[in-house]
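Listed below, chain by chain, are the residues.
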Amino acid sequence: MAENATTSAQQALAGVRLLWGVCGSFSAVAVPHVNAWLRGTVGVQEIRTVMTTQAHALMGPRMIEAVTGHMPVTAWEDHKGGGAAHVALGAWADVLVVLPATANFLAKAAHGIADDVLTATLLAAECPVVIAPVMNAAMWSKPAVRRNVDQLREDGYQIVEPKDGISLTEGRREPGSLGDFQPAISSALVQAAARHTHPQGQ
Ligand SMILES: Cc1cc2nc3c(=O)[nH]c(=O)nc-3n(C[C@H](O)[C@H](O)[C@H](O)COP(=O)(O)O)c2cc1C
């Protein structure tokens, strides 16, 4: 019975299109693991990614291409499908997840700045959005960052609070690691599945 329920939940989510924004944090190394969870456990099949220029510089696009099956979009000209990248990607997405989200991304998003593909797509998209900030403890504690997070919540974005973890750069335990993203992403996906159905191949 429980197995049937899982199967039908996975079937409902199989057609949901997840657009994934990856910012310039070392925690971008979590992408393959999160991708495996999305595909293997949750059952999402349609995943496209947008990497910021800094994410591209830190980790390159190949690992993301390998695990999602598609090259990430970073530069405007990476988008090949016709039209403007942010409009096309925003229209395509049923859910937008930004993980990891940098302090820089939070600031731009909170102020409506759209100076790259990811931030422009955030404004163009009309789907549920989940934002998972990751940064060191000092950055996370700054009033400017807190203000931006509060603003983003007020604007209707779901924020995944970072949790304590071992800093990848400092090696000590501190707040700012990737938080418990699964419940927020799962609920955004369920919301999206209820809102959208895509005819075969569209
Ligand atoms: C190795 C490395 C790791 C970084 N990790 C983070 C991080 O976890 N969180 C963060 O907010 N900024 C981090 N930064 C700083 C951002 O990369 C920087 O603010 C950049 O402008 C963010 O650009 P983006 O938001 O367009 O990706 C890191 C920088 C470097 C060089």
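Residues numbered from 1 in each chain as written. Predicted model: local features only at pLDDT ≥ 70, side-chain atom pairs only at ≥ 80, totals over all residues. Heavy atoms only, no water.

The protein is annotated in an unreviewed UniProt entry as Phosphopantothenoylcysteine decarboxylase/phosphopantothenate--cysteine ligase of Streptomyces caelestis.

For the rest of this paragraph, the subject is helix α10 (residues 181-195). For α10, which comprises 15 residues, the first-to-last C-alpha distance of 21 Å matches the rise-based estimate of 21 Å (1.5 Å per residue) to within 8%. All of the buried residues in α10 are Phe181, Ala184, Ile185, Ala188, Leu189, Ala192 and Ala193. End-on, the buried residues of α10 take up no more than an arc of 165 degrees, which puts them together on one face. In α10, the exposed residues that point more than 90 degrees away from the buried face are Pro183, Val190 and Ala194. (Helix = DSSP H or I, 4+ residues; strand = E, 2+ residues; numbered from the N terminus. Expected span 1.5 Å × (residues − 1). Buried < 20%, exposed > 50% of the residue type's maximum accessible area, 1.4 Å probe, protein only. Arc of directions from axis to C-beta.)

Moving on: the UniProt feature "domain: Flavoprotein" (unreviewed entry) in the protein. In this numbering, the UniProt entry assigns the feature "domain: Flavoprotein" (unreviewed entry) to residues 17-152. Annotated as residues 17-152, this span is 48% helix and 18% strand, and its ends, taken at the C-alpha atoms, are 23 Å apart. (UniProt positions renumbered as here; feature names shortened; annotations may be inferred.)

Here we come to the sheet that holds strand β4 (residues 129-133). The five strands lie next to each other as β2-β1-β3-β4-β5, forming an open sheet whose pairing is parallel. Among the strands making up the open sheet, the edge pair consists of β2 (46-51) and β5 (158-159). Alignment of strand β1 (residues 17-22) against β2, held across six bridges, turns out to be parallel. Directly across from Trp20, in β2, lies its bridge partner Thr49. Contacts from helix α2 (residues 31-42) reach β1, β2 and β3 (95-101) within the one sheet, and its direction differs from that of β1 by about 170 degrees. (Pairing = 2+ DSSP bridges. Contact = heavy atoms within 4.5 Å. Axes fitted to C-alpha atoms, helices over the stretch in contact; angles between N-to-C directions.)

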